[in-house]
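Take a look at the letters that make up each chain.
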Amino acid sequence: EVQLVESGGGLVQAGGSLRLSCAASGFTFDDYAIGWFRQAPGKEREGVSCISSSDGSTYYADSVKGRFTISSDNAKNTVYLQMNSLKPEDTAVYYCAATGGYYGLDSGWYDYWGQGTQVTVSS
């Protein structure tokens, strides 16, 4: 059974930091790419960042470049999203997702999804 479990969300003031974790199981981690997506109320789901577990290639949305960092710990089958200099605009439910094929910031590529974790940034 494929499972993705997010954790690390919470409430933080603008300018603060959070680190999200995505723990994966039920598949060969190194064969997949992992993406982070977010959805705020009334808005479309958007891609935030993604990483290839095999070669470590990463991509970021322009809105988070320089502030967020994605990383992968293959020994733990876990992907992290370090979020610094948080802004109120970052408030959303954050999801991790996995794909065994093409990957990027388009959610349509992803086959498996976690349950989401809430990130709230106050001003």
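Chains are numbered independently. Their residues run from 1 in the order of the written sequence. Local features in this predicted model are restricted to residues of pLDDT 70 or higher, and side-chain atom pairs are both shown and tallied only at a pLDDT of 80 or more, whereas totals for entire chains, interfaces and linings draw on every residue. Heavy atoms throughout the structure, all of them, feed into the side-chain values; hydrogens and water do not.

### Details of the pairing of strand β8 (residues 78-83)
In plain terms, the rule: Throughout this description, buried means an accessible area under 20% of the type-specific maximum (1.4 Å probe, protein chains only), exposed means over 50%, and partly exposed covers the range between. Segments assigned H or I by DSSP are reported as helices when at least four residues long, segments assigned E as strands when at least two residues long, and all are numbered from the N terminus. Pairing between strands is defined by DSSP: at least two bridges between them are needed.
Counting buried positions over the 6 residues of β8 gives 5, a clear majority of the element. Both strand β3 (residues 18-25) and β8 contribute to a ladder of 6 bridges, which runs antiparallel. Each bridged residue has a counterpart across the sheet, and for leucine 18 the counterpart in β8 is methionine 83. Taking the residues between adjacent antiparallel strands as the criterion, strand β7 (residues 68-73) and β8 are bridged by 4 residues, where asparagine 77 takes a positive phi near 50 degrees.

### Description of the nonpolar core
As a reminder, the rule being used: As used here, the term nonpolar core means buried Ala, Val, Leu, Ile, Met, Phe, Trp, Tyr and Cys residues forming a set that is joined through side-chain atoms within 4.5 Å. Contacts were defined at the residue level, with two residues in contact if any of their heavy atoms lie within 4.5 Å.
By size, the foremost hydrophobic cluster in this structure holds 28 residues, and its most contacted members are Ile34, Trp36, Phe68, Leu81, Met83 and Tyr94. Mapped onto this core, the elements with two or more residues apiece are β3, β4 (33-39), β5 (46-52), β7, β8, β9 (92-99) and β11 (117-122). Beyond its immediate sequence surroundings of up to four residues, tyrosine 94 is in contact with Glu6, Leu20, Trp36, Phe37, Arg38, Val48, Phe68, Leu81, Met83, Gly116, Thr117 and Val119.

### Focus on the packing of aromatic side chains
Formally: The rule is short: rings of Phe, Tyr and Trp, with Trp giving its six-membered ring, pair when the centres are within 6.5 Å, and they are stacked under 30 degrees, edge-to-face over 60, tilted in between.
As enumerated under the stated definition, the model contains 8 aromatic pairs in all. Pairing phenylalanine 27 with tyrosine 32 gives two aromatic rings, centres 4.4 Å apart and planes at 55 degrees, and the pair type is tilted. Like tyrosine 32, phenylalanine 27 is buried. An angle of 75 degrees between the planes, with centres 6.5 Å apart, marks the rings of tyrosine 95 and tryptophan 113 as edge-to-face. Of this pair, tyrosine 95 sits in strand β9 while tryptophan 113 sits in strand β10 (residues 112-113), and the two are 18 residues apart along the sequence.

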